[in-house]
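Here is how the chains run, residue by residue.
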Amino acid sequence: ETALDDLARRAELAGPCLRAAAVPQLGGPRLLGDIDQAAARATCDAALAAFPNDPAFLTISGRIAQAAGDTAAARQAYEAGIAAGVPMAHGLAGYMLFDPAEGDGAPDYDRAEELGLAGAALDDWLSQQLLVLLYSQNFIDGKGADDAFAVSETVAAEGDPVSQYFLGFFFLRGEGPSGRPDPEAAREWLQHSVDAGYVPAMTLLAETLETAVAQEPEAAAEAAALYLDALYEHDRLALEKLTTQLRERNRAVVRAVQSRLQEAGVYRGALDGLPGPGTINAVQAYAALPDN
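A short tour of the structure in this document, coming up. Remember, predicted model here, so these are calculated numbers, not experimental data.

**So, the overall build of the protein**
- When you go through the protein residue by residue, the secondary structure sums to 15 helices and zero strands.
- The dimensions of the protein, computed from C-alpha atoms along their principal axes, are 70 × 45 × 45 Å.
- Within the protein, the fraction of its 292 residues that count as buried is 46%.
- Counted over contacts in the protein with a minimum sequence separation of 6, partners at least 24 positions apart contribute 50%.

Written out as structure tokens, the structure reads:
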């Protein structure tokens, strides 16, 4: 009975802590900057007070420390998690080696791969994402695009939106099984990623739809909506596509963007599809709206 009571109490405390600061696979924030540090510390400190040696809670406390800039404390917590076999600890520690904070030395890609492989064996999505980055950028001798594709394909099928994004990207580049670009497969996987709320996928899917406007006129409105949705979420690539690269956009897409901006009350020009300064100024005004 005591053991069952402890399990129930741990589950009760784990939920708020996981939502506050765990990795997205476990329901937590995707970015360190999205962690509400005060709230996360309150919930996770309560969990640690009740279960001071719990390796999962220790690992999550490391993520909170990393969000606060305390990389030494984060590294110590992740090492404890790795020693206890906590899956997410491997990916979190691996990313710190892949992209170290200023003053933490040079990247250690080989050790990052070791941690990524160990975490992947425990079904940690973050570890598998790390392997995709390492292999796709040729940071590991003997590993390349084919290896990155194989990892992303497996995890994308499990529902990881980041891997779904990578898989769509690889299909666009022709790094799939056929060795040729496959826009249809790319759109399918990017749509899955967008549906899961992964913002970078919005811009890439919009760009993919834009190339299909000649054959699918309705794709212009879809692309415009995705560009602006990504812009709403502060995606810098979307801002670049609609400002410095606006002249490269399909005219029908620009017209659809103008229409959406007009509805938002930031554009008063003609719906002519011309990439002029009035449209660019409206895009910038839209990006600066208080709700954005």
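**A few points about the pattern of salt bridges**
- Inspection of every chain in the model, using the stated rule, returns 10 salt bridges.
- Notably, a salt bridge pairs aspartate 104 with arginine 75, separated by 3.7 Å at the nearest N-O pair. A residue pair is termed long-range when its members are at least 10 positions apart, and aspartate 104 in the loop between helix 5 (87–98) and helix 6 (109–121) and arginine 75 in helix 4 (residues 71–83) qualify at 29 residues.
- Exposure remark for arginine 75: the relative accessible area of 35% places this residue in the partly exposed category.
- Note that glutamate 207 and lysine 241 form a salt bridge whose closest N and O atoms lie 3.0 Å from each other.

**Observations regarding unusual backbone geometry**
- At aspartate 123, a residue that is not glycine, the phi angle is positive and equals roughly 70 degrees.
- Tracing the backbone shows aspartate 123 in the loop between helix 6 and helix 7 (125–136).
- With a phi close to 70 degrees, histidine 234 is a non-glycine residue in the positive phi region.
- Relative to the assigned elements, histidine 234 resides in the loop between helix 12 (219–232) and helix 13 (236–241).

**Examining helix 1 (residues 2–21)**
- Taking 1.5 Å as the rise per residue, helix 1 with 20 residues should run 28 Å; its terminal C-alpha atoms sit 28 Å apart, in good agreement.
- A maximum bend of about 30 degrees is found in helix 1 at alanine 14, where proline proline 16 lies one to four positions downstream.
- Those residues of helix 1 that sit buried are Leu13, Ala14, Gly15, Cys17, Ala20 and Ala21.
- Of the surrounding elements, those touching the buried residues of helix 1 are helix 2 (37–50) and helix 3 (55–67).

**Describing the nonpolar core**
- Grouped together as the largest cluster of nonpolar side chains are 57 residues, with contacts concentrated most on Leu242 and Leu261.
- Elements that contribute at least two residues to this core include exactly helix 7, helix 8 (145–157), helix 9 (161–173), helix 10 (183–195), helix 11 (199–210), helix 12, helix 14 (251–263) and helix 15 (277–287).
- Considering each element in turn, this core owes the most residues, nine residues, to helix 12.
- Excluding anything up to four places from it in sequence, leucine 242 contacts Tyr227, Leu228, Leu231, Arg249, Val257, Ile280 and Val283.
- Core analysis: the second largest hydrophobic core is formed by 27 residues, Ala20, Ala47, Tyr78 and Ala89 among them.

**Side note on the packing of helix 12 against helix 15**
- One way to put it is that helix 12 packs onto helix 15 with a least axis distance of 9 Å and a crossing angle of 45 degrees. When the axis of helix 12 is compared with that of helix 15, the two are oblique. Taken as a pair, helix 12 and helix 15 cross one another with a handedness that is right-handed. The residues of helix 15 that touch helix 12, namely those facing Leu228, Leu231 and Tyr232, are Val283, Tyr286 and Ala287.
- Across the contact of helix 12 with helix 15, the residue classes tally to six nonpolar, no polar and no charged.

**Some points on the state of the cysteines**
- Taken as a whole and assessed by the stated rule, the structure comprises one disulfide.
- For cysteine 17, the disulfide goes to cysteine 44, at an S-S distance of 2.1 Å. On the sign convention where negative means left-handed, the S-S torsion of about 110 degrees between cysteine 17 and cysteine 44 marks this disulfide as right-handed. On the criterion of sequence distance, the pair formed by cysteine 17 in helix 1 and cysteine 44 in helix 2 is long-range, its members being 27 residues apart.
- By relative accessible area, which is 0% here, cysteine 17 ends up buried.
- What makes cysteine 44 buried here is its relative accessible area of 1%.

How each quantity is defined
- Residues numbered from 1 in each chain as written.
- Predicted model: local features only at pLDDT ≥ 70, side-chain atom pairs only at ≥ 80, totals over all residues.
- Heavy atoms only, no water.
- Helix = DSSP H or I, 4+ residues; strand = E, 2+ residues; numbered from the N terminus.
- Buried < 20%, exposed > 50% of the residue type's maximum accessible area, 1.4 Å probe, protein only.
- Contact = heavy atoms within 4.5 Å.
- Salt bridge = Lys/Arg side-chain N within 4 Å of Asp/Glu carboxyl O.
- Expected span 1.5 Å × (residues − 1).
- Bend = angle between axes of the 7 residues up to and from the residue.
- Core = buried A, V, L, I, M, F, W, Y, C linked by side-chain atoms within 4.5 Å.
- Axes fitted to C-alpha atoms, helices over the stretch in contact; angles between N-to-C directions.
- Parallel < 35°, antiparallel > 145°, perpendicular 65-115°, else oblique.
- Left-handed = near helix turned anticlockwise from the far one by under 90°.
- Nonpolar A, V, L, I, M, F, W, Y, C, P; charged D, E, K, R; others polar.
- Disulfide = S-S within 2.5 Å.

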